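Secondary and tertiary structure notes
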Amino acid sequence: MIASFMDLGAPVSSSKSRSGGSPQLDFPDMESLPPEAKEEPVEPPETRKRETAESMARRQREISISEFFSKNRHLLGFDNPRKALLTTVKEAVDNSLDACEDAGILPSLKVEIIQIEEERFRVCVEDNGPGIVKAQIPKIFGKLLYGSKFHTLKQSRGQQGIGISAAGMYGLLTTGKSIAVTSRTGPGKPAHYYEIQIDTRKNAPQVITDRVVEWEPPHGTRVEIELAGTYKKGRHSVDDYIRQTAIANPHCEIVFSVPGEDGPLHLERGSSVLPPEPKAIKPHPYGVELGVLIRMMKESPVRQLGAFLQKEFSRVSSRVAQEICGEASLKTRANPRSIAAGEAERLYRAINSTKIMSPATNCLSPIGEEQILSGLKKEIDADFYTAVTRSPSVYRGNPFQVEAGLAYGGTLPGDELVELMRFANRVPLQYQQSACAISKAVLGIDWRSYGLSQSKGALPAGPVLLFVHIASAWVPFTSESKEAVAAYPEITRELRLALQECGRKLASHIRTHRRAAEEQKKRSYIEKYIPHIGIALREILGFSESAENRLVETLKDVLERSRTA
Amino acid sequence: MVARGFRTIGAANGKQDRFMAKKSVSAEKRGPSGGKNVLEAIRASAQDIHKKILARKKPTMKFPVRSLSNVRYHPQRGFFEIAGRKKERTLTVNTVKTFAQTLRMVSLSKELIENDDIATKREAYYVSKNWEEARFNEQPESDTVMDDVEAYFAVNREQLGFIPEEKGGDVAGRLVVIDHDRDTGKALRIDCTRFGSGAYSIPISVEQLEFETGADFILVIETAGMFQRLVKHNYWKKANCILISMGGVPTRACRRFIRRLADSKKIPVYVFVDGDPYGITNIYRTLKVGSGNAAHLNEFFCVPQASFLGITPQDIVDYRLPTHPLKDVDIKRARDAIKNDPFIRHHKEWIRAIELLLKMSVRAEQQALAKHGLNYVIDTYLPEKLRRPERFLP
């Protein structure tokens, strides 16, 4: 169980350590653990009871994924009460948006944070999505690693099916309250109300309440979780997350209410165009790791290696399949299930040395320049906006696409570091800024050549908001809590190019702006000070007022001309 | 070449006003009424600018660069002479503000001269408050423009009608200053032996003064405290001298007063300041050869016959004076003088003395002599020093 989690959880870690065969957990070496062992006399004291393989075996048993995460909640973003609240809202909102978009519905979300005690909140997220069929509700909300998204290669917010159940688990752990779900799949159908708890030992849902209720919306889902948390404004706040979500998803509408505010905040829709639906694709051969390749061969119903390659991967034609098999000295008609470990490794190397067409990019759904602009314009009051959507590119066989947007001037604070908003698959990334490839790319650019000030090794300073989005069927996060993007060279390169393009547009805006301001200043200087030259000369030389006027006009004219020349 | 403007304006008197002037005292007189020529110069420059503008050309004003880097030291002539470097201010969009302010300052000067009036630097600054957008926000701005105007016409600012705020200096001892009554014009004889425990105050303009004295030398003192001690004990009687207190870096009036007095009476000038880089490179050097800032005027505001009595770095050793460590600014000042000050660089004795000071890394004040008794300075130090004036530093 754990092994499978590690397998999916660490898309970044290199495959080298696993080339030996079955994946292994990196447990500390038992022998090196007790330091005093080395200093002890050669003869072990007789009284001391040593462990035997049998005694250890009695204590060795499977660890449930749920147990593992309830002990390691920080891996999922529940490190502290403040972050726990944010993560809960985030998981619920991400799920809602994914569901709406999959169903082709313009999302309308209601997000409520209700304070129950000093450090206890109830989070309610309601969407107008397609709803969930009755039988699936317990599993989706009461079982970790259950979901629709993990097994397809397609751009979506959620990936692993951990998030919302983990939030429910955290709520249960800290308050003893179940996660409450109300859902209706369509008008005329009943609305089901569930209270669910997760059995951490078994990683299985326990249904506490299950009944049909009166519920107004024609379709949609409402999730309620009570949890221990703290609510604060500012950086890393839920407010920030909601605002950024509204910017990156201008097609969604959010009604947001928080403790201590009079009425709910209504973030209006900026566009009524749904993003194009991303297509699910098969994995590209370049992106597959050896262990995964072996597993796929074992599990595939296809009986011939050549056909297996064509069927399970994208961009593999029969010619390419033949080429790979030839390179690996394997028969195309060999049975994939009977490929030995050594042969699999040959096949793996052959795949990577064969030229294969880049993966199709219709699995991606970028926000688009126009939509980024509309998102920025609706939430940020600035003078200048620009956005860039790069063409798709590929890292390790995974297609991805980088977009950048920039807002400048207006009400943005001029003497602070720029605000950097990072997004992956339209989800705002709020923590671990410094570990993220996006931040590294921003830092790697000399913004001074684009008219901003920047101290060494710091973000640029100026009235700027930077918006960076990376869309991919598989975004390489550095951890399960999905806070930072790993710095693959291909990704870093695309990020840099997108940011530089925004930078160039900004620079030209600033230049034009500055020139106009300088022009204005010069003009006012002429208007202001030339009359004084007239006054002084008249006082000294004692000529008439009309002569003074003539002098002033001539001088103004001379300076105006020289300025434009 | 440099002081040309000054001499043209000062006309006939200018030539006699050189170092070691040989002509009579009256020939040195140069009252503020030398203004007629200044007026002409002002009008001529305004006319020039006016013509240029009407010819649709951009007018230009040339100012000598006022800094130590633009002076030359002439040992024979005895003062810092301005070197040729000039900065040119052409009327453009970027310079229009300063240009307008400079012209208005010139116009103010013209008005002052015509009405035989004066304005202090501070007053001039307040007058500018009438100039709407062209007003100065802070006095240093107006002072800079005033210094520019002064350098442009190569005149003394008193000739432009502007006077400094600062006091000139105090005088006591064997000297009669002949001034004139402001109303009747009658000669006033001021006997500097008759001020008791007080002193005669050097006026801002000293050109009209004449002197009578039987003193052997002039002792110029940095601090008011030391001056008080010498006056209190009638040291001038004992040593038959004139005592002058500078109170820090000497004002132009103070320098000019000492210069005219020493020139006209042919008596030596001995300088007694603190034994530190400030006393040597700022106070003494400015008194003797002038400053970098007013280099166009140094010819008249310097005392080339001055020599340095003490406190010398060697005195610190010889008289076992109590000392303070040199501060960072002292060290910087001393190193800077050795490297950049044309006067110090010309005199090996001074370079050796300052290097000794740097090596010891200490400074000693005039009052340090009090270690050996309050009147040690009168009874021992000054008499000992004055026995060997040829050993004074240049």
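Another point: the overall build of chain A. Across its full length, chain A carries 15 helices and 16 strands. Looking at chain A residue by residue over its 565 residues, the buried ones come to 50%. Contacts spanning at least 24 positions in sequence make up 71% of the contacts within chain A whose residues lie at least 6 apart. For chain A, the accessible surface area stands at approximately 27,300 Å², while carbon and sulfur atoms represent 50% of it.

Attention now goes to the pattern of salt bridges. Under the counting rule described, the total for this entry stands at 47 salt bridges over all chains. Here Arg222 of chain A and Glu224 of chain A are joined by a salt bridge, their closest N and O atoms 3.0 Å apart. Neither residue differs from the other here; Arg222 of chain A and Glu224 of chain A are each classed as buried. A salt bridge links Arg363 of chain B to Glu365 of chain B, with the shortest nitrogen-to-oxygen separation between them at 3.6 Å. Exposure remark for Glu365 of chain B: the relative accessible area of 32% places this residue in the partly exposed category. Among the charged side chains, a salt-bridge network with shared partners connects Lys110, Glu112, Glu117, Arg120, Arg122, Glu126, Lys177, Arg222, Glu224 and Glu226 of chain A.

The next thing to look at is the packing of aromatic side chains. Within this structure, the stated rule accounts for 25 aromatic pairs over all chains. On the basis of an interplanar angle of 45° and a centroid distance of 6.3 Å, the ring pair of Phe195 of chain B and Tyr200 of chain B is categorised as tilted. Through a chain of ring-to-ring contacts, the aromatic side chains of Tyr73, Phe80, Tyr284, Phe308, Phe343 and Trp350 of chain B assemble into a single cluster. Looking at Lys83 of chain A, its charged tip hangs above the ring of Tyr431 of chain A, at a distance of 4.3 Å from the centre. Over the face of the ring belonging to Phe301 of chain B we find Arg252 of chain B, whose NZ or CZ atom lies 5.9 Å from the ring centre.

Residues and elements named next belong to chain A. Here Ile510 is to be found in helix α14 (residues 489-541). Of the residues examined, Ile510 reaches a relative accessible area of 4% and is grouped as buried. For Ile510 and Gly451, which are 59 residues apart along the polypeptide, the C-alpha to C-alpha distance reads 6.6 Å. Sequence-distant contacts of Ile510, defined by excluding residues within four places in its chain, comprise Tyr408, Tyr450, Gly451 and Leu452.

Now for the nonpolar core. All names here are of chain B. Counting 83 residues, the largest nonpolar core has Leu219, Tyr235, Leu243, Phe257, Phe272, Tyr381 and Leu382 as the members making the most contacts within it. Two domains each put at least three residues into this core: domain 1 (4-163) and domain 2 (170-391). Those residues in contact with Tyr381, other than ones at most four positions away along the chain, are Phe272, Leu309, Gly310, Ile311, Asp315, Tyr319, Leu369 and Tyr376.

Residues and elements named next belong to chain A. For the pair helix α9 (residues 305-312) and helix α10 (residues 318-327), the least separation of the axes is 9 Å and the interaxial angle reads 125°. Relative to α10, the element α9 lies oblique. Crossing of α9 against α10: the hand is right-handed. Between α9 and α10, the residues in contact are Leu305, Gly306, Leu309 and Gln310 and Ser318, Ala321, Ile324 and Cys325, respectively.

Now for the pairing of strand β3 (residues 179-184) of chain A. Side chains on a regular strand alternate between the two faces of the sheet. Residues and elements named next belong to chain A. For β3, a buried count of six out of six residues is recorded, marking the element as mostly surrounded by other parts of the structure. Residues Ile179, Val181 and Ser183 of β3 are buried on one face, and the alternating residues Ala180, Thr182 and Arg184, pointing to the opposite face, are buried as well. Bridge count for β3 against strand β4 (residues 191-199) is five bridges, and the pairing is antiparallel. If you follow Thr182 over to β4, its bridge partner there is Tyr193. The antiparallel hairpin formed by β3 and β4 contains six residues in its connecting segment, where Gly188 sits at a positive phi of about 85°. Of the strand pairs in this sheet, β3 and strand β6 (residues 220-228) are connected by five bridges, and their pairing is antiparallel. Across the sheet, Ser183 pairs through a bridge with Thr221, a residue of β6.

This part covers the sheet that holds strand β12 (residues 217-221) of chain B. Residues and elements named next belong to chain B. Pairing is mixed across the open sheet formed by six strands, whose spatial order is β10-β7-β13-β12-β14-β15. Every other strand in the sheet has two partners, leaving β10 (200-201) and β15 (306-310) as the edge strands with one partner each. With four bridges connecting them, strand β7 (residues 170-173) and strand β13 (residues 241-245) associate as antiparallel partners. Paired with Asp170 across the two strands is Ser245, which belongs to β13. Running at roughly 135° to β15, helix α15 (residues 376-387) makes contact with β12, β14 (269-272) and β15 of the sheet.

Okay, the side chain of Ser300 of chain A next. All names here are of chain A. Mapped onto the elements, Ser300 comes out in the loop between α8 (290-299) and α9. A distance of 3.0 Å separates the side chain of Ser300 from the backbone nitrogen of Val302, its partner in a polar contact. Beyond its immediate chain neighbours, meaning those up to four positions away, Ser300 contacts Phe308, Glu312 and Arg337.

To continue, consider the interface of chain B and chain A. It is common to give the size of an interface as the accessible area that goes away when the parts come together. On the side of chain A, 24 residues touch chain B, which itself brings 27 residues to the contact. Here chain B meets chain A over a buried area of about 2,400 Å², counting both sides, of which 75% is carbon and sulfur. A salt bridge links Arg104 of chain B to Glu539 of chain A, with the nearest nitrogen and oxygen atoms 3.6 Å apart. Our count for the contact surface shared by chain B and chain A stands at six residue pairs in polar contact (both at pLDDT 80 or more). Elements supplying a minimum of two residues to the side of chain B that touches chain A: α3 (35-54) and α4 (96-114) of chain B. No other element matches the nine residues that α4 of chain B contributes to the side of chain B that touches chain A. Looking at the side of chain B that touches chain A, its residues break down into 14 nonpolar, five polar and eight charged.

Before going further, it helps to examine the sheet that holds strand β11 (residues 210-212) of chain B. Residue and element names in this part refer to chain B. What the three strands build is an open sheet, ordered β9-β8-β11; its pairing is antiparallel. Among the strands making up the open sheet, the edge pair consists of β9 (187-191) and β11. On average, each strand axis in the sheet is tilted by 30° relative to the strand beside it, whichever way the strands run. Note that strand β8 (residues 176-180) and β9 share five bridges and pair antiparallel. Looking at the pairing, Val176 lines up with Asp191 of β9. Along the sheet, helix α9 (residues 252-265) makes contact with β8 and β11, crossing β11 at roughly 55°.

Scored by pLDDT, chain A has a mean of 83; 88% of the residues are at 70 or more. Counting interchain partners and residues more than four positions distant, the pLDDT-below-50 stretch residues 1-41 of chain A has 41 contacts.

This part covers a negative patch on the surface. Residues Glu111, Asp116, Asp117, Glu123 and Glu165 of chain B make up a contiguous surface patch of negative charge. Here Glu123 of chain B shows up in helix α5 (residues 121-127).

Our next topic: the environment of Arg391 of chain B. Here Arg391 of chain B is to be found in the segment after α15. Along the sequence, Arg391 of chain B and Phe308 of chain B sit 83 residues apart, while their C-alpha atoms lie 9.1 Å from each other.

All names here are of chain B. Along the chain, Gly310 connects to Ile311 via a cis peptide bond; the corresponding omega equals -5°. Here Ile311 lies in the loop between β15 and α11 (313-318). Of note in the backbone geometry, Arg56 takes a positive phi value of approximately 60° without being a glycine. Looking at the secondary structure, you find Arg56 in the loop between α3 and β1 (60-64). For Glu132, which is not glycine, the phi torsion reads 50° and is therefore positive. Within the secondary structure, Glu132 is located in the loop between α5 and α6 (139-153). Residue class for Glu132 comes out partly exposed when judged on its relative accessible area of 49%.

Here the focus is the side chain of Asp148 of chain B. Residues and elements named next belong to chain B. Inspection of the secondary structure puts Asp148 in helix α6. Asp148 sits in the buried class, given a relative accessible area of 3%. Excluding its chain neighbours within four sequence positions, the residues that come into contact with Asp148 are Phe63, Arg66, Lys87 and Arg89.

How each quantity is defined
- Residues numbered from 1 in each chain as written.
- Chains lettered and ligands numbered in written order.
- Predicted model: local features only at pLDDT ≥ 70, side-chain atom pairs only at ≥ 80, totals over all residues.
- Heavy atoms only, no water.
- Helix = DSSP H or I, 4+ residues; strand = E, 2+ residues; numbered from the N terminus.
- Buried < 20%, exposed > 50% of the residue type's maximum accessible area, 1.4 Å probe, protein only.
- Contact = heavy atoms within 4.5 Å.
- Areas by Shrake-Rupley, 256 points an atom, 1.4 Å probe, with all protein chains shown as cover.
- Salt bridge = Lys/Arg side-chain N within 4 Å of Asp/Glu carboxyl O.
- Phe/Tyr/Trp six-rings, centres within 6.5 Å; stacked < 30°, edge-to-face > 60°.
- Lys NZ or Arg CZ within 6 Å of the ring centre and 35° of its normal.
- Core = buried A, V, L, I, M, F, W, Y, C linked by side-chain atoms within 4.5 Å.
- Domains from an automatic or database assignment.
- Axes fitted to C-alpha atoms, helices over the stretch in contact; angles between N-to-C directions.
- Parallel < 35°, antiparallel > 145°, perpendicular 65-115°, else oblique.
- Left-handed = near helix turned anticlockwise from the far one by under 90°.
- Pairing = 2+ DSSP bridges.
- Polar contact = N/O pair within 3.5 Å; in protein donor to acceptor, adjacent residues only side chain to side chain.
- Buried area = accessible area lost by both parts, 1.4 Å probe.
- Nonpolar A, V, L, I, M, F, W, Y, C, P; charged D, E, K, R; others polar.
- pLDDT = per-residue confidence, 0-100.
- Patch = residues over 30% accessible without salt bridge, like charges linked within 9 Å, V, L, I, M, F, W, Y side chains within 5 Å.
- Lys, Arg positive; Asp, Glu negative; His and termini not counted.
- Charge placed at Lys NZ, Arg CZ, Asp CG, Glu CD.

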